[in-house]
Each structure stands twice: as C-alpha cells, then as structure tokens.
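Each chain is listed here by its residues.
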Amino acid sequence: MTQSELYTACGVVLLAIGLIGFLTRPDFIRKILALNVIGISIFMLLIATAVFDINIIDPVPHAMVLTGIVVAAAGTALGLNLASKITKLNKSARAQDNLPSVSSIKSSENLSTENQPNASPQNKGESLK
Amino acid sequence: MINLELSILLDLIIPLVFLIPIITAVACFVCDKLTFNRIISGVSAFILIGVSLVLASQTLQSNTTIVVQVGGWGAPLGIDLRVNGLIAVMILMSAVISTAITIYSMQYFSKDAIEQRFWPLWWFLIAAINGVFVSSDVFNTYIMLELLGLSAVSLIALQGTQNALNAAYQYLLVGLFGSLLYLLGVAILYRTYGVLDYQLLSLQAADTLNTQLALATMTLGMLMKCALFPLHFWLPVAHSNASAPVSAILSALVVKAAFFILFTLWFDVLSVVVGYVSVTLIGILGGIAVIYGSYRAFRAPRLKLLVAFSTVAQVGYLFLAFPLIYVDPELARTAVIYLIVAHGCAKAAMFMAAGAIQKALGHDQLDLIHGIATKFPVSIFIFAVTSASLIGLPPSGGFIAKWLLLNSAVTSHQWWWVLILFSGGLFACAYLFRVLNLAFTTSEKDLILDTNKHSETKLLSAAILSGITIIIGLNAIWITDLIASSQS
C-alpha cells in the first residue's frame, strides 16, 4: 500500500465517522465538530492526490486545502457564535418565564408558527450584539 | 466580431461584477457612518446595473462566450471567469433585483442598530452571487458558495430574535453540509481528471463510476441549498424569520445561485453522465415540490411563511424542466431562464410588500389582516401583480415561462408534466387569492397600526420590479429570440 492509498483510506474512514456524527448527534457542538471532521476527510482525499511521484508534487491540492481550511474556520466560528447566542437567549427566556427550553432544532418546522404577535415580547427587542 | 479595444475593455469589466460589491462591502465595514454606507451602496448598485447592461448587450448580440484569465495564468493552473448569454442575463437580473432591494432597505430599517451591520454583509452576499455566476472553475465555485452561505446566515441572524437565530443555525448546518458534499464531488473530480476548469472538465469527462459519484454528491449538496422537496425543511423557517430585504434576496437570488450551479453541472460540464432516469427522478421531485409547497402555502398561518412556501413550490418548477431540457434543450432552456427571472423579480417584490405590511402591523398573522387593502393599497397592488406572475396569468413573465414549459412538454412527448403545470397554477391561485381575499374583506375590529412605521414610499422599487414581471411578458418574442440565438 502506497502512502497515497493510505491517506485515501484514512480519508474515507474519517468521512464515514463525520457523516455518522453529523446525522445522528442532535447537539450543537457535536454537529459542528462532525462537519469539521467531514471537511478534514475531504482535505485528506485531496492531499492524497498531490504525490504521484516522489519527485513531482502537484501544488494545486495544497492551495485548495489551504483555502478550504480558512473557509472551514470561518464557518465553525460563525456556528459556535450562533450556538452560544441561542443558549444565552434560551437561558434568559427560561429565567423570565420559568418554562422549559423550546430550542430544539428538530422542531424547527413549527418554530415559525410560534411567532405570535404577543407571544415573545422579550425577544422582540433583543438584537444580535 | 469583437475588436481588440472592446475585448480589452470586457476583460476589465467581467471581474468588476465581483470586485464592485466586494469593495463596497469592505468600505461599508470600515466606515460606520450610516449616511456614507447608504450613499456608497446606492452608487455601487447603479454602477453594477450599468456594468451588467454592457455585458448583456455584448454577449447577447455577438453570441460569444467571453473568457477572462485572471492574472494571465490560464486554465489548468489559474482561474478563469466566463460570461455567455445565460450568465449575462443572470448577472443583469441579480443587479436589478439587488438594486431594488438596496433602495428598499435604506428606508426599511429606519436607522435601526441592525442597519450598521447589514450593509457589509449585504454586499458580501451580492459579491458571492455574482461570483457564482461568473466563476468557471469547480473549486472557485465552492469558495463562492461558502461566502454565499456564511453571509446569508449572518444576515438572517441579524434579526436577533430567537426564531431567527434558530433558523440561521439550522441554515448554517444545512449550508455547510451541502457545500461539503459539493467539495467531496470536487475532490473526486480532481482525483479522476486532474483539472478544475469547467471547459477542460467537459472535454475530458467520461461516463464512468467516478464521474457519476461526483455528480451525485454535488447534486445532493446543491439540492439541499436549492431546497428541492424532501430537503426543503430549512427554507420556510429561514426565509420567513429573516428581515424583509434579506428574505427577498434569499428567495429571489440565493436559491437561484445554487440552482444555476446544478444547471451548469448537469447540462454543460458533466452532461455525459446525465441519463433519462436521473432527469426523470429530479423532475418527479420537482413535481412533488410544486404540489406540496402549494399545499403548505395554503395552510400557512403567516404571510411571510406563505410566501416562503410558495418559493418551495416555484423551485419545483425549475426542476420540472430537467426532463424537458434533456429531450428538447432549446425551448426548455429558454423557459428555465424566463422562469428564473420572472420568479426572482416577482418574489423579491412580494417579500418587500409583505415586509412593509409586517413592519406597520408588528406581525403578519393571516387571521388578523382582514381589510388591510384600504390601509396598504400599494402593498396589496404589488402583491396582486406579482401573484399574477407566480400563478402564470397572461401577460406576465410567469405566463411566458409556463407556456414555454407546456410547449416543450408536448413537443418532447412527456405530456404527464402538463398535468402538474396546470394543477400547480391552480394551487398557486388558491393560496395567493387567499391573501387577496382576506385583504379585501372588511374586518370586524380595527387594525392596530404603528403609524411611525406605516409608510409605503419605500415600495417604489418593489413596484418597479413587479412592473418588470409584466414587461418581460409583453416583450416575450423579442427576448426569447435573443436568448435562443445566444445559446446556439
């Protein structure tokens, strides 16, 4: 087994792990981590093509992976920021209402119907700081 | 023939459709004076229209594809940008719609704190949309997709309510996952062919398992972003909880950008692996989307949710065209272009009108909007005109698009799509007349209006957009000839 094939095999295994994590785990942080694992697995698949001879190395996959890492970092930052904002809003809503949290991402189809004119006055004024 | 000077000019102009929005975004980010942001946004929007008019007139007249090698590197190593007739129409549409929404948002936010953060993200989003259209390289398209997704998510989250944040988070997950699936396809293509450029790929692509796998993963990723029927779950929540200008651009342009990528991949770049079974499968999903989206729109409790579900249904029509394009490319392609432009203008104007109603009432519950036609004559007028286009009543652009689709379904001997086209139009009547019906009935109790926020002057640009949906229907023969000649 050559080095390139080893990298490819690792990439495929990582892809499977990432997919399972993303599709089965419900919580915020795990989903973002799983997306990162999927991203890294695709980068591995790309990097594995760079060497087709010890002397000839293709620079294009490196450029793609570098760009991809930057994009993944930006996406992760945005996702974590949103997750922390949602948790904070949930906490303040629970403290005010003494009600259980309503922020299950699964029931989001119904979320839109919750936006009654007078249902959540405490959320109306809060903007993303 | 394009002479030498003109070709140099065009080489400079094509990058501008991406550079102008990026520069404006950075300028808006650096300078926090709201008046400055508004002025520079207005100026850039109109420059963008001018640039896209030049591009459209050049490519549509001369039938050429203009390719620009960025930095002079050339295809295998460098990145190419290209503009042909179809892309020029898309860029022109995006410029006109984004200008209309830009003018609308100057008055919509009315000096909210949100507006400070709105402008840079807004221009990044427009840059990404134009970038998707001009990019001629599968990896460059991925970068544009990510820029598109990230700025769209941030724009939804700007609204700041709990629903908007949850919708934004879900949209982020769907968007990132969709882009990663696309990137997986790019990786497979690069491993197989060693090139990324659209043109080189289409020359080398062969009907192998690798190519099929790549197209399958890329399609799955883009279907998530387009919100085709089983993968539409995020769209109504995201589009109905964002602020009105953001909803308008999400429905009018962002969904179309993902569709455009899919369209290019299926019928330009990797067309060798596309078979009758796969296009029919996509067509069936599109048909279900038309029926299901219309049904959900009919049952929607809120105005913006209704408009958002209508987007799910209208996206279904775009995919309904796939089996038709496969058999009869000319006619159905023109129909798709028409449908994209007509739906883009109509849906943007409709969301702007819905936004004006929501802003003044403080809500958009359909149970409580009895008799708003007297208070919001302009909004309801725009809603009615754009409804005509969405339903497909003559002489609107939507009518021409559906007419071309019907024609193409008959000439390609696939009559069963005609049934869906007709019933889709009926369902669209049902849910759109539901709103108009409520708006014109007299209410038992008085409407409570926030008089500070009740102003319909901001709807001028929406009225112009709804006018465009009618105008493109009146000039149909001229426009279809122009589009058809630029494809050959």
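Everything below is about the structure shown above.
Here the structure is a predicted model, which means the values were calculated and not measured.

Novice: Would you mind going over the pattern of salt bridges with me for this structure?
Specialist: Side-chain pairs of opposite charge can arise where the charged atoms are in close proximity. Residues and elements named next belong to chain B. Taken as a whole, this structure holds four salt bridges over all chains when the rule is applied. As a salt-bridge pair, Asp268 and Arg333 come within 3.4 Å of each other at their nearest N and O atoms. Placement of Asp268 in helix H10 (residues 244-269) and of Arg333 in helix H13 (residues 329-361) is noted, with a sequence separation of 65 residues between them. A relative accessible area of 36% means that Asp268 is categorised as partly exposed. For Asp364, the salt bridge identified is with Arg302, shortest N-O distance 3.1 Å. Here Asp364 is found in the loop between H13 and helix H14 (377-391), whereas its partner Arg302 is found in the loop between helix H11 (276-299) and helix H12 (303-327), with 62 residues between them in sequence.

Novice: I would appreciate a short explanation of the pairing of strand E1 (residues 66-69) of chain B in the present structure.
Specialist: Looking down a regular strand, the side chains alternate between one sheet face and the other. Residue and element names in this part refer to chain B. Along E1, the buried face is formed by Ile66 and Val68; none of Val67 and Gln69, which line the opposite face, is buried. Two elements, E1 and strand E2 (residues 80-83), share four bridges in a ladder whose sense is antiparallel. Among the inter-strand pairings, Val67 is bridged to a residue of E2, identified as Arg82.

Novice: Got a minute to help me understand the environment of Leu426 of chain B in this structure?
Specialist: Here Leu426 of chain B lies in helix H16 (residues 416-440). For Leu426 of chain B, a relative accessible area of 61% gives the class exposed.

Novice: In this structure, what is going on with helix H3 (residues 85-108) of chain B? I would like to understand it.
Specialist: All names here are of chain B. Across its 24 residues, H3 extends 34 Å between first and last C-alpha, which sits within 8% of the 34 Å expected from 1.5 Å per residue. Burial analysis of H3 places 19 of its 24 residues in the buried class, the great majority of the element. Structurally, the start of H3 carries an N-cap: the backbone nitrogen of Leu86 is 3.2 Å from a side-chain oxygen of Asn84. In the segment just after H3, Ser110 is the residue with positive phi, at about 40°.

Novice: Is there a simple way to explain H13 of chain B in this structure?
Specialist: Residues spaced three or four apart along an α-helix face the same direction, because each turn holds 3.6 residues. All names here are of chain B. A rise of 1.5 Å per residue sets the reference length of H13, with its 33 residues, at 48 Å; its end C-alpha atoms lie 47 Å apart and thus fit the reference within 8%. Among the 33 residues of H13, 30 are classified as buried, and the element is accordingly described as predominantly covered. Among the residues trailing H13, Gly362 stands out with phi positive, at a value near 85°.

Novice: Before we go on, may I ask you to explain the interface of chain B and chain A in this structure?
Specialist: Often the size quoted for an interface is simply the accessible area lost on bringing the parts together. Opposite the 45 residues of chain B that make contact, chain A presents 50 residues. Here chain B meets chain A over a buried area of about 4,300 Å², counting both sides, of which 71% is carbon and sulfur. Considering only the side of chain B, the residues that lose the most area to chain A are Gln162, Tyr169 and Arg191 of chain B, jointly responsible for 17% of the buried surface there. The interface formed by chain B and chain A contains five residue pairs in polar contact (both at pLDDT 80 or more). Of all the secondary structure elements, the ones that give two or more residues to the side of chain B that touches chain A are helix H5 (138-157), helix H6 (162-193) and helix H9 (235-241) of chain B. Here the element with the most residues in the side of chain B that touches chain A is H6 of chain B; it accounts for 17 residues. Of the residues that constitute the side of chain B that touches chain A, the class distribution is 26 nonpolar, 14 polar and five charged.

Novice: Would you mind going over the packing of H11 of chain B against H12 of chain B with me for this structure?
Specialist: When two helices pack together, their arrangement is given by the angle between their axes and by how far apart the axes lie. Residues and elements named next belong to chain B. One way to put it is that H11 packs onto H12 with a least axis distance of 7 Å and a crossing angle of 160°. Classified by the interaxial angle, the pair formed by H11 and H12 is roughly antiparallel. Classified by chirality, the crossing of H12 by H11 is left-handed. Counted by class, the contact of H11 with H12 contains 17 nonpolar, eight polar and one charged residues.

Novice: Please explain a nonpolar patch on the surface as it appears in this structure.
Specialist: All names here are of chain B. A surface patch of nonpolar side chains, about 630 Å² in accessible area, is lined by Tyr276, Tyr326, Val327, Trp415, Trp416 and Leu419. Secondary structure elements with two or more residues in the nonpolar patch: H12 and H16. Looking at Leu419, the relative accessible area reads 54%, which means it is exposed.

Novice: Honestly, empty space enclosed by the protein in this entry has me stumped. Any pointers?
Specialist: Rolled over the atoms, a probe sized like a water molecule indicates the empty space that remains. Enumeration over the complete set of coordinates arrives at three cavities of 30 Å³ or more. Lining the largest cavity are 13 residues, with Leu35, Asn36 and Ala72 of chain A together with Leu176 and Leu180 of chain B sitting closest to its centre. Those elements giving two or more residues to the lining of the largest cavity turn out to be helix H2 (28-47) and helix H3 (60-97) of chain A together with H5 and H6 of chain B. Split into classes, the residues belonging to the lining of the largest cavity amount to seven nonpolar, five polar and one charged. Considered as a void within the structure, the second largest cavity measures approximately 80 Å³ in volume. Lining the second largest cavity are Leu148, Gly149, Tyr171, Gly175, Lys225, Trp234, His239, Val254, Val255 and Ala258 of chain B. Those elements that provide at least two residues to the lining of the second largest cavity are H5, H6 and H10 of chain B. A per-element tally of the lining of the second largest cavity places H10 of chain B first, with three residues. Classifying every residue of the lining of the second largest cavity gives six nonpolar, three polar and one charged.

Novice: I would appreciate a short explanation of the environment of Pro377 of chain B in the present structure.
Specialist: Residue and element names in this part refer to chain B. Looking at the secondary structure, you find Pro377 in helix H14. Exposure remark for Pro377: the relative accessible area of 44% places this residue in the partly exposed category. For the pair Pro377 and Ala157, spaced 220 residues apart in sequence, the C-alpha separation works out to 31 Å.

Parameters at a glance
- Residue numbers restart at each chain and count upward from 1, following the sequence in its written direction.
- Whichever chain is written first becomes A and whichever ligand is written first becomes 1, with later ones labelled in order.
- Residues qualify for local features only when their pLDDT is at least 70, as the model is predicted, and side-chain atom pairs are given and counted only at 80 or more; totals for whole chains, interfaces and linings, by contrast, use all residues.
- The side-chain values count all of the structure's non-hydrogen atoms but skip hydrogen atoms and water molecules.
- One side-chain nitrogen of Lys or Arg within 4 Å of one carboxyl oxygen of Asp or Glu is enough to make a salt bridge.
- In this text, helices come from DSSP runs of H or I with a minimum length of four residues, and strands from runs of E with a minimum of two, each type numbered from the N-terminal end.
- Three exposure classes are used, based on accessible area relative to the maximum for each residue type with a 1.4 Å probe and protein chains only: buried under 20%, partly exposed in between, and exposed over 50%.
- Pairing between two strands is assigned when DSSP locates at least 2 bridges connecting them.
- For a helix, the expected span equals 1.5 Å multiplied by the residue count minus one.
- Pairs of N or O atoms are called polar contacts if they sit within 3.5 Å, as long as, within protein, a hydrogen donor faces a hydrogen acceptor (for residues adjacent in sequence, only side-chain-to-side-chain pairs).
- We call two residues in contact when some of their heavy atoms are within 4.5 Å.
- Two parts placed together each lose some accessible area under a 1.4 Å probe, and adding up what both lose gives the buried area.
- Three classes are used, and their members are as follows: Ala, Val, Leu, Ile, Met, Phe, Trp, Tyr, Cys and Pro are nonpolar, Asp, Glu, Lys and Arg are charged, and the others, Gly among them, are polar.
- In this analysis an axis means a line fitted to C-alpha atoms, helices contributing only their contacting stretch, and an angle means the value between N-to-C directions, from 0 to 180 degrees.
- What sets the label is the angle itself: under 35 degrees gives roughly parallel, over 145 gives roughly antiparallel, 65 to 115 gives roughly perpendicular, and the rest give oblique.
- Left-handed describes a crossing in which the near helix is turned anticlockwise from the far one by less than a right angle; the clockwise case is right-handed.
- Like charges are joined within 9 Å and nonpolar side chains (Val, Leu, Ile, Met, Phe, Trp, Tyr) within 5 Å, but only among residues with over 30% relative accessible area and no salt bridge; these make up the patches.
- Surface accessibility follows the Shrake-Rupley procedure with a 1.4 Å probe radius. Residue values consider only the protein chains on display as shielding.
- A pocket here means an open set of points on a 1 Å grid, computed over the protein atoms alone, that has protein on both sides within 12 Å along at least five of seven lines. A cavity is instead a set of points where a 1.4 Å probe fits but cannot get out; residues with an atom within 4 Å of a point line either one.
- Grid points are joined across faces, edges and corners, and a volume is the space filled by probe spheres set on the points.

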